[in-house]
Amino acid sequence: NDVIDGGAGADVMVGGDGNDTYTVDNAADLVFEGSGGSSGSADLVNSSLSFTLGNSIENLTLTGAGDIDGTGNGSDNIINGSTGSNTLTGGNGDDTLDGGNDAVADILNGGNDDDTLIWHGSVDTYNGGDDTDTLDVSGVVGSLDFTVLADTTVTRIETIKLTGGSGTAITLDAGDVLDSDDDINPSGGTGGGNTYGGRPVLTVDGDAGSDSVTLSSGGSDTWFSASGAGGVPSGYALYVHVTGGSNPADNEDAYVLVKTGVTVTLN
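Residues numbered from 1 in each chain as written. Predicted model: local features only at pLDDT ≥ 70, side-chain atom pairs only at ≥ 80, totals over all residues. Heavy atoms only, no water.

At Ser56, a residue that is not glycine, the phi angle is positive and equals roughly 70 degrees. Structurally, Ser56 can be placed in the loop between β6 (51-52) and β7 (59-62). Positive phi, close to 75 degrees, is recorded for Asp113, a residue that is not glycine. Relative to the helices and strands, Asp113 resides in the loop between β12 (107-109) and β13 (116-118). (Helix = DSSP H or I, 4+ residues; strand = E, 2+ residues; numbered from the N terminus.)

The following block contains the structure:
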């Protein structure tokens, strides 16, 4: 496990086996994992400048207070922002993006594959990208109302994660499901997320007894529990949004799967 810091000036840094850590502080710095780099390692670049990870380097942490950006590669990356305003882009791979708990605006773009975006407030923008992506709001203590957020704040997210927090209550409406879902595939196979009847599904994972979900409606629309529905994944309850009309089955437009034991209120 090497710690490599070339200091001032343009450096070429090459690691090998183990979990290597590199410091980048010059726009001309180059970082490589050598031919001996192990496939199971977790290498880290700490960079005070905008940086794109090269091959075989897994993790990136932006440092300092500058407004800089971080970009991943085809691996499963962990990318952490600085205290400045950052754009974090995962690219391919199952990435975890965390802009940091600061008061400045960050942009988190998951890209392809199954990414996790860490919530730090509505000042940031969260776009999961393709495939099945998760917004982790487990750090919220108290309540989070998605219905009052701008439509562009959270997009292309298939799962909201409450699990592991100190008790989180979220409020959703049908618009949040429609805004957040990835490409819809009626067969449920390749379009990202899950679908029933060709409609978007948002999954909420939480802890029984401590987390809760309120599904909000208004006017002639309503939510109901689809307790008799077939094909519901084990350990989840399905809730269906209906826009109105005499035949609800013809007017379903959004679905939410909630982990069994999480308190659900239909409002």
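Here the structure, examined in full by the defined rule, presents 2 salt bridges. Notably, a salt bridge pairs Asp130 with Arg156, separated by 2.6 Å at the nearest N-O pair. With a gap of 26 residues between them, Asp130 in the loop between β14 (125-127) and β15 (134-136) and Arg156 in the loop between β17 (154-155) and β18 (159-161) connect regions that are remote in the sequence. You can call Arg156 partly exposed: its relative accessible area is 27%. We note a salt bridge from Asp136 to Lys161, for which the minimum N-O separation is 3.6 Å. Highlighted residues: Asp136 in strand β15 and Lys161 in strand β18, separated in sequence by 25 residues. (Salt bridge = Lys/Arg side-chain N within 4 Å of Asp/Glu carboxyl O. Buried < 20%, exposed > 50% of the residue type's maximum accessible area, 1.4 Å probe, protein only.)

Overall, parallel pairing links the 4 strands, which are arranged β16-β19-β22-β26 in an open sheet. On the outer flanks of this sheet lie β16 (142-145) and β26 (263-266), each paired with one strand and no other. When the angles between neighbouring strand axes are averaged without regard to direction, this sheet yields 15 degrees. In the sheet, β16 pairs with strand β19 (residues 168-173) via 4 bridges, with the strands oriented parallel. Note that in β19 the partner of Asp145 across the bridge is Thr171. (Pairing = 2+ DSSP bridges. Axes fitted to C-alpha atoms, helices over the stretch in contact; angles between N-to-C directions.)

Looking at the secondary structure, you find Ile107 in strand β12. Put simply, Ile107 and Leu97 are 10 residues apart on the chain and 9.7 Å apart in space, counted from C-alpha to C-alpha.

Aromatic rings considered in pairs are described by the distance between their centres and by the relative angle of their planes. Per the counting criterion, the structure on display carries 2 aromatic pairs. Both rings, one in Trp119 and one in Tyr126, keep their centres 5.0 Å apart while their planes meet at 20 degrees; by these two values the pair is stacked. Each of the two residues, Trp119 as well as Tyr126, counts as buried. Where Trp119 meets Phe146, the ring centres are 6.1 Å apart and the plane angle is 55 degrees; that geometry is what we call tilted. Note that Trp119 is positioned in the loop between β13 and β14 and Phe146 in the loop between β16 and β17, a separation of 27 residues in sequence. By the burial criterion, Trp119 is buried, and Phe146 matches it. Ring pairs connect the aromatic residues Trp119, Tyr126 and Phe146, which therefore count as one cluster. (Phe/Tyr/Trp six-rings, centres within 6.5 Å; stacked < 30°, edge-to-face > 60°.)

Attention now moves to the pairing of strand β3 (residues 21-24). Here β3 shows a buried face lined by Tyr22 and Val24 and an unburied face lined by Thr21 and Thr23. As paired elements, strand β1 (residues 3-5) and β3 share 3 bridges and run parallel to each other. Note that in β3 the partner of Asp5 across the bridge is Thr23. The sheet contact formed by β3 and strand β5 (residues 44-47) spans 4 bridges and is parallel. Within β5, the position partnered with Thr23 by the bridge is Asn46.

You can see Asp133 is positioned in the loop between β14 and β15. Here Asp133 occupies a buried position and makes no salt bridge, while the nearest side chain of opposite charge, Arg156, is found at 6.6 Å. Among the polar contacts listed, one links the side chain of Asp133 to the backbone nitrogen of Asp115, at a separation of 2.8 Å. (Lys, Arg positive; Asp, Glu negative; His and termini not counted. Polar contact = N/O pair within 3.5 Å; in protein donor to acceptor, adjacent residues only side chain to side chain.)

Taken in spatial order, the 6 strands line up as β6-β8-β10-β12-β14-β17 in an open sheet, and their pairing is parallel. One side of each edge strand has no neighbouring strand; the edge strands of this open sheet are β6 and β17. Note: strand β8 (residues 70-71) against strand β10 (residues 87-89), 2 bridges, orientation parallel. Residue pairing for β10: Thr71 is matched across the bridge by Thr89.

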